[in-house]
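Structural description and commentary
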Amino acid sequence: RIAGARQLRPIVGMRKIGNRYRLHGGPGWVLVGDALHHKDPIDTQGIYDALIESKRLAALLLSFHQGVLPWDKVLSGYQDAISQETLEMFKQTTRAVKSLYQDIPAVILRTAMRWLMQDPAYRRQSVQFIARAVSPANWLTAGLVFGAIGRGIKRDLEQIYFSE
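Only a predicted model underlies this, so the values are computations on that prediction, with no experimental measurement involved. (Residues numbered from 1 in each chain as written. Predicted model: local features only at pLDDT ≥ 70, side-chain atom pairs only at ≥ 80, totals over all residues. Heavy atoms only, no water.)

In this description, a pair of aromatic rings is defined by centroid distance and the angle of the planes. In total, this model carries four aromatic pairs according to the counting rule given. Taking the centre distance of 5.1 Å and the plane angle of 70 degrees together, the rings of Phe-64 and Trp-71 count as edge-to-face. Geometrically, the ring pair formed by Phe-129 and Trp-139 is stacked, given 4.4 Å between the ring centres and 15 degrees between the ring planes. Of this pair, Phe-129 sits in helix 4 (residues 120-130) while Trp-139 sits in the loop between helix 4 and helix 5 (142-162), placing them 10 residues apart in sequence. Taken as a pair, Phe-129 and Trp-139 share a single burial class, namely buried. (Phe/Tyr/Trp six-rings, centres within 6.5 Å; stacked < 30°, edge-to-face > 60°. Helix = DSSP H or I, 4+ residues; strand = E, 2+ residues; numbered from the N terminus. Buried < 20%, exposed > 50% of the residue type's maximum accessible area, 1.4 Å probe, protein only.)

It is worth spelling out the environment of Met-89 at this point. Topologically, Met-89 is positioned in helix 2 (residues 71-100). Overall, Met-89 belongs to the buried group, its relative accessible area being 1%. In contact with Met-89, not counting residues within four places along its chain, are Lys-39, Asp-43, Gln-45, Phe-129, Arg-132 and Pro-136. (Contact = heavy atoms within 4.5 Å.)

Taking 1.5 Å of rise per residue, the 20 residues of helix 1 (residues 46-65) would be expected to cover 28 Å, and the 28 Å separating its terminal C-alpha atoms lies within 8% of that figure. Where helix 1 is concerned, the buried positions are Asp-49, Ala-50, Ile-52, Glu-53, Leu-57, Leu-60 and Ser-63. Buried residues along helix 1 sit against strand 3 (29-30), strand 4 (37-38) and helix 2. Remark: Gly-67 follows helix 1 within two positions and exhibits a positive phi of approximately 80 degrees. (Expected span 1.5 Å × (residues − 1).)

Okay, the layout of surface pockets next. Taken as a whole, the largest pocket encloses approximately 740 Å³ of empty space. For the largest pocket, the lining is made up of 24 residues, of which Ala-96, Ser-99, Met-113, Tyr-122 and Leu-140 are closest to its centre. Elements supplying a minimum of two residues to the lining of the largest pocket: helix 2, helix 3 (106-118), helix 4 and helix 5. (1 Å grid on protein atoms, 1.4 Å probe; cavity = no way out; pocket = protein on both sides within 12 Å on 5 of 7 lines; lining within 4 Å. Points joined across faces, edges and corners; volume = space filled by probe spheres on them.)

Our next topic: the packing of helix 3 against helix 4. Packing of helix 3 against helix 4 brings their axes to within 5 Å, and their N-to-C directions diverge by 75 degrees. Regarding the angle of helix 3 to helix 4, the classification is roughly perpendicular. On helix 4, the residues touching Leu-116, Met-117 and Gln-118 of helix 3 are Pro-120, Tyr-122 and Arg-123. (Axes fitted to C-alpha atoms, helices over the stretch in contact; angles between N-to-C directions. Parallel < 35°, antiparallel > 145°, perpendicular 65-115°, else oblique.)

Of note, the phi angle at Thr-44 is positive, near 55 degrees, even though the residue is not glycine. Positive phi is not limited to glycine here, since Arg-132 has a value of about 60 degrees. Here Arg-132 is to be found in the loop between helix 4 and helix 5.

Right, let's talk about a nonpolar patch on the surface for a bit. A surface patch of nonpolar side chains, about 510 Å² in accessible area, is lined by Ile-104, Val-107, Ile-108, Leu-109, Met-113 and Met-117. Along the chain, the position of Ile-108 falls in helix 3. (Patch = residues over 30% accessible without salt bridge, like charges linked within 9 Å, V, L, I, M, F, W, Y side chains within 5 Å. Areas by Shrake-Rupley, 256 points an atom, 1.4 Å probe, with all protein chains shown as cover. Salt bridge = Lys/Arg side-chain N within 4 Å of Asp/Glu carboxyl O.)

If you want it as structure tokens, here you go:
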């Protein structure tokens, strides 16, 4: 369907997005989703964060409307829930974004990224990270990265010497 397609405009992206949390709530109001906290979309977590924040807030609001919790407890409970659910991913995202702005020679970056992206173990762990099946705090281990690079070097050498 796209055989005859052509690019009409240049691809445009954003750099250096402001990663931050805002005040989560006050007397009679609360924030969720990007209004509350947002980060670079590199980790594809925006909708997850908005949904989990809404879910946690809904439970607290229900308790408030049933007279179980006062508003100040709703706010403190919501702040705790936000921190518990989103802070580690936020830290991981900001570390990843910071690494994108380091001066790494392009040839090394392209080669290492190719090795990582082609590695089944790295891809599997990446999907688990994005799905939050593994903790954002420790998903990217040295063993995973060096293993993927080693397997990438091996693949390249095999292709050079055994492709005939």
